[in-house]
Amino acid sequence: MNAIWALVFKSLLRNGGRNLLQAGLIFFAAFVMAYFAQFLAGVTRNFTDNLVELATGEIYISSTINEEIDSNVFDREYKYLRIPADVVEEVKNVEGVEVVHPRIDLPVRLNLPDDTVTFKMAAFNPSNEPRLTKNFTMTDGRMIIEGAFEVIVPQDFARRHNINVGDTIPLLAGTVNRRVNLVEYTVVGKFLTNSLSAWFNNYVYTSIEPARTLLNDKDVMSRLNIHISEEADEELLMPKIDQIIQQRLAQNNPELDATWWEDGAEFFSSLAFGIEAGFFIIVGIIMTILGCSMGFATVMTVMERTKEIATYGALGAPPKMIRKIFLMENVLLSDLSSLLGVGVAAIAFVLTKDIGIPINNPQFEAFIGAPHFYPALDIGGFILPFIICKLVTAQVSFFIANCAVSKPIT
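(A) Structural view of the nonpolar core. Ile83, Ile104, Met121 and Ile226 are the most contacted members of the largest nonpolar core, which has 50 residues in total. Residue contributions to this core peak at six residues, all from strand β3 (residues 97–111). For Ile104, the contacting residues outside a window of four places in its chain are Met121, Ala122, Ala123, Ile208, Ala211, Arg212, Leu215, Val220, Met221 and Ser222.

Okay, structure coming up:
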């Protein structure tokens, strides 16, 4: 066995230039697959975990979805619904429900000194949703105080319309009873958002009670986000919530649904699927190039070592052993190169996991809803590139070496 390994290392060194190029290609393939698998996990998390945690909950109660046009939870039009506090408590007490968060989305008109602007307002309670609060980066001022007539505004929106911290903005909105209400709010902060930024940056934000004052209804909301535990039995949970809706909320409300987040976020699910499909197409192209390159290099090696193969055969070496030598050479080269590629990808992941890679393209940034690509740890993304490179190399090498050693010695 030691003699075979000696032959393997000798052959690798003898064909150093070609093997170095082949090793570089394997390194690149492993690095690309391992590193970008982490970004794929980050994109997927942005459109699943972050969307659920920050925008919808695993289930949300809202007016009925129009499946033909409502594929985006941010852009759809929500009808106002009334859920009294005791009903909210009843939903909280359903087995498997962890927390519920009321949200209000409404169109408002901002009466600015130089212009009147139609924009969207969203309302939440900061003390109940710490993760959503942390998603805001305050570039100036502070976060809203719950219950106060305060708003925070997107930084770009504030710049375009010359809005400053401390300004008082009159907001005009249609109330629940189809009247018009005008309430003054104080701007206390400008913000950027970290996840799903292109969507969250399209709103000014206040807390629930001031928004209800503007809408002139103490129980109004547009959505009730419901977060469930990992152990919750989904098949039992949804019927219980549906029953509460039908028994307690049927009157004085539009037609309501309890909706799984995926059903109201088809746009994001399709986007994540498209990005994943693109990634796998790229992986397929890389593997095709790697397989062809490895096959060409192995053919060249076999042609150069025809006399060596014949000598092994004349000395009594069985075809299986000769094939094994070629296979070991290529697989060893693949293992070392792919391990190095995965290792460098791991280092790159550690360096960029917190700072991300800036997109620097406003259109693409708006499309994916984030200013940066942030990787997320995916252990399988580090293991699979090594295995894939090894399998492709072994398959190609075995096929060509098997054809070579099966020919007559002469």
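(B) Molecular detail of the side chain of Gln22. By the secondary structure assignment, Gln22 is in helix α2 (residues 16–47). Side chain to side chain, Gln22 and Ser293 meet in a polar contact 2.9 Å long.

(C) The arrangement of the pattern of salt bridges in detail. Applying the stated criterion across every chain, the model contains 12 salt bridges. Between Asp86 and Arg248 there is a salt bridge, and its shortest N-O distance comes to 2.6 Å. A residue pair is termed long-range when its members are at least 10 positions apart, and Asp86 in helix α4 (residues 85–92) and Arg248 in helix α9 (residues 234–248) qualify at 162 residues. Residue classification places Arg248 among the partly exposed residues on the basis of a relative accessible area of 37%. The residue Asp335 makes a salt bridge to Lys390 at a minimum N-O spacing of 2.6 Å. Linking Asp335 in helix α12 (residues 319–352) with Lys390 in helix α14 (residues 379–405), this pair joins segments that are 55 residues apart in sequence. With relative accessibility at 14%, the residue Asp335 sits in the buried group. Each member of the salt-bridge network shares a partner with another, and the members are Asp86, Glu90 and Arg248.

(D) Main features of α4. Within the sequence span of α4, burial applies to Val87, Val88 and Val91. Angular distribution of buried residues about the axis of α4 spans 105°; they occupy a single face of the element. Packed against the buried residues of α4 are β3, β10 (220–221), β11 (223–228) and α9.

(E) Inspection of the environment of Ala348 at higher detail. Topologically, Ala348 is positioned in helix α12. Take Ala348: its relative accessible area is 15%, and that puts it in the buried class. Sequence spacing of Ala348 and Tyr35 is 313 residues, and the spatial spacing of their C-alpha atoms is 7.4 Å.

(F) How the structure looks around helix α8 (residues 208–215). In terms of burial, α8 is a largely internal element, six of the eight residues being buried. Within α8 the residues assigned to the buried category are Ile208, Pro210, Ala211, Arg212, Leu214 and Leu215. Close packing links the buried residues of α8 with β3, β4 (116–123), β7 (168–174), β8 (180–193), β9 (203–206) and β10. Immediately downstream of α8, the backbone of Asn216 shows phi near 60°, a positive value.

Conventions used here
Residues numbered from 1 in each chain as written. Predicted model: local features only at pLDDT ≥ 70, side-chain atom pairs only at ≥ 80, totals over all residues. Heavy atoms only, no water. Core = buried A, V, L, I, M, F, W, Y, C linked by side-chain atoms within 4.5 Å. Buried < 20%, exposed > 50% of the residue type's maximum accessible area, 1.4 Å probe, protein only. Helix = DSSP H or I, 4+ residues; strand = E, 2+ residues; numbered from the N terminus. Contact = heavy atoms within 4.5 Å. Polar contact = N/O pair within 3.5 Å; in protein donor to acceptor, adjacent residues only side chain to side chain. Salt bridge = Lys/Arg side-chain N within 4 Å of Asp/Glu carboxyl O. Arc of directions from axis to C-beta.

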